[in-house]
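Coordinate inspection notes
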Amino acid sequence: MPAAFVPPTVPGDDRLLLRGGTLIDGTGGPPLPDAELEIADGRIVYAGPRRSDDDQTRTGVRTIDLTGRTILPGFIDAHVHLGLSIEDQAADAARFDSERTLRTALNARRTLMAGVTTARDLGGIDRGIRDAISAGLIHGPRLHIAVSALSPTGGHTDFTLPNGREVPMPMPVHPIIDTDDDVRRTVRLLIRGGADVIKVCTTGGVSSPSDTPDDLGVPEEHVRLIVAETAKRAGQPVAAHAQGSEGIKAAIRGGVRSVEHGYGIDDEGIDLMLEHGTFLVPTLSSALRVPDPALVPDYLYEKKVTWSAIARERLAAAFAAGVRVALGTDSGVCPHGENLREPVHAVELGLTPMEAIVAGTKNAAALLRLDDDLGTVESGKLADLLVVDFDPVTDITPLADPDNVTAIVQGGAVVKDSAGWFGDEPSRPLLAG
């Protein structure tokens, strides 16, 4: 895997020893009570049962007693739009670009404070936000970015109303592809601009003004062409916005790594996903949320009502069949900073709490090809951790409230400690807000 696929972490200065908490390591194994974790230089050097107090190798390590708490891996949100807010379009259209950038930074911080230490932004920001987080200039999850999501004229990312007026949802690279040459050139532009993933829209969508989720978008032959083009570079994975059944199947046959949304997946599509090992990112936080009709256009509200019901039924069927799930919220279409509502919804649709945790940690890391460094709490991995004051395996619902995610460690640095468990100020100072 190219080094660029793991953005550098600004490590914490402390060597930490976390003792006494119950460890849920993200592998799907049973929780480990009275666990011990040792962190040095931003990485986990030990994770397992509590060791004896006379082990002299831990001299100088700051010890934190987490008895009665639960330790989890930092979550990975595999589908965000930090630069967008669908329910704020009119106000956003009046803003200067500088304010949009600052609001994006605030969205990134809210996402981190919700318990998401790594995320994949699937359209709407350029590499500047990703690189600023990586350099420690602003606080947020490590990012993989798609830059812009691709569709044909009249497709999901053609934000033009029938009268020719554009809905204000800018993309850093022009997203419309209609010909083979369009496909090659645009993919090359995206990769030149720092894209870690290429996103294509093989169907229409709910939020777009001139199509529906059943409409076909980028055709299978263009998906294949994109996969072939990325193979010449760093092998960037391809993610497909795909909501209607035929577009979902076209995406899978074309070679995408993940189906985003998948609301109307049929039994044939489920079988194809199982056959190809394709990930499903169900974006339940968006799918199951019907917004206030006063805040969105009529076309969006009407489609939301219809497709939320379809998604609830068909995604539950995909879960029951054993499709490989990685969690992503589609924040920007739904509110930012409520990201861990996603595993709660996944349990509502049939996953166990442990399966939902794995989907948001280990599976999501595998989808992003970051599983050598992230996704589980194991020796050698980057120290991305959450500490909570409840047992999410017994009841996962408290995760939905960011205030219940009491402490967050990202790359060994304590970035949130609202209960004072770590005993001093966060080791990486936080932005206000």
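Residues numbered from 1 in each chain as written. Predicted model: local features only at pLDDT ≥ 70, side-chain atom pairs only at ≥ 80, totals over all residues. Heavy atoms only, no water.

Sheet topology note: the strand β3 (residues 35-40)/strand β4 (residues 43-49) ladder contains six bridges and is antiparallel. The partner of Ala 40 across the bridge, within β4, is Arg 43. Linking β3 back to β4 in an antiparallel pair, the connection comprises two residues, with Asp 41 at a positive phi of about 55 degrees. (Pairing = 2+ DSSP bridges. Helix = DSSP H or I, 4+ residues; strand = E, 2+ residues; numbered from the N terminus.)

Once that is clear, we can look at the sheet that holds strand β6 (residues 70-73). Sheet strands line up and pair through hydrogen bonds in the backbone, either parallel or antiparallel. Here we have five strands laid out as an open sheet, ordered β2-β6-β15-β16-β17, and mixed in their pairing. Two strands bound the open sheet, and with one partner strand each, they are β2 (22-23) and β17 (413-417). Judged from the four bridges that link them, strand β15 (residues 385-388) and strand β16 (residues 405-410) form a sheet pairing that is antiparallel. Paired with Leu 385 across the strands is Val 409, a residue of β16.

Before going further, it helps to examine the packing of helix α7 (residues 267-276) against helix α9 (residues 298-321). Closest axis-to-axis distance for the α7/α9 pair is 10 Å, and the angle between their directions is 40 degrees. Helix-helix and strand crossings are classified by hand; for α7 and α9 the assignment is right-handed. Only Arg 314, Ala 317, Ala 318 and Ala 321 of α9 make contact with α7, whose side of the interface consists of Asp 267, Ile 270 and Leu 274. (Axes fitted to C-alpha atoms, helices over the stretch in contact; angles between N-to-C directions. Left-handed = near helix turned anticlockwise from the far one by under 90°. Contact = heavy atoms within 4.5 Å.)

Let us look at the environment of Leu 370. Counting through the fold element by element, Leu 370 comes out in the loop between α12 (362-367) and β15. With a relative accessible area of 3%, Leu 370 lands in the buried category. Sequence separation between Leu 370 and Thr 118 is 252 residues; the distance between their C-alpha atoms is 9.9 Å. (Buried < 20%, exposed > 50% of the residue type's maximum accessible area, 1.4 Å probe, protein only.)

Moving on to empty space enclosed by the protein. According to the stated counting rule, one finds seven cavities of 30 Å³ or more in the structure shown. Taken as a whole, the largest cavity spans an internal volume of roughly 240 Å³. Lining the largest cavity are 22 residues, and of these His 81, His 156, Ser 207, Asp 330 and Val 333 sit closest to its centre. Looking at the lining of the largest cavity residue by residue, the classes come out as ten nonpolar, nine polar and three charged. (1 Å grid on protein atoms, 1.4 Å probe; cavity = no way out; pocket = protein on both sides within 12 Å on 5 of 7 lines; lining within 4 Å. Points joined across faces, edges and corners; volume = space filled by probe spheres on them. Nonpolar A, V, L, I, M, F, W, Y, C, P; charged D, E, K, R; others polar.)

Inspection of the entire model under this criterion finds 29 salt bridges. The salt bridge partner of Glu 229 is Arg 233, with a shortest N-O separation of 2.9 Å. By relative accessible area, which is 2% here, Glu 229 ends up buried. (Salt bridge = Lys/Arg side-chain N within 4 Å of Asp/Glu carboxyl O.)

Right, let's get into the pairing of β3. The buried count for β3 comes to six of six residues, which makes it a mostly enclosed element. Here β3 shows a buried face lined by Ala 35, Leu 37 and Ile 39 and a second buried face lined by Glu 36, Glu 38 and Ala 40.

With that settled, consider the environment of Ile 408. Tracing the backbone shows Ile 408 in strand β16. Overall, Ile 408 belongs to the buried group, its relative accessible area being 0%. Spatially, the C-alpha atoms of Ile 408 and Val 387 are 6.4 Å apart, while their sequence positions differ by 21 residues. Aside from chain neighbours lying at most four places away, what touches Ile 408 is Leu 112, Met 113, Gly 115, Thr 117, Leu 385, Leu 386, Ala 413, Val 414, Val 415 and Lys 416.

This brings us to the domain arrangement of the chain. Note: interface size is frequently given as the accessible area lost on complex formation between the parts. By domain assignment, the chain separates into domain 1 (16-74 + 375-417) and domain 2 (82-368). For domain 1 and domain 2, the distance between their C-alpha centroids amounts to 30 Å. The interface is formed by 28 residues belonging to domain 1 together with 23 residues belonging to domain 2. Summed over both sides, the interface of domain 1 with domain 2 buries roughly 2,000 Å², with 69% coming from carbon and sulfur. Along the contact surface separating domain 1 from domain 2 lie one salt bridge. Among the salt bridges present, the one from Arg 142 reaches Asp 384, with a minimum N-O distance of 2.4 Å. Along the contact surface separating domain 1 from domain 2 lie six residue pairs in polar contact (both at pLDDT 80 or more). In terms of residue count, the dominant contributor to the side of domain 1 that touches domain 2 is β16 (four residues). (Domains from an automatic or database assignment. Buried area = accessible area lost by both parts, 1.4 Å probe. Polar contact = N/O pair within 3.5 Å; in protein donor to acceptor, adjacent residues only side chain to side chain.)

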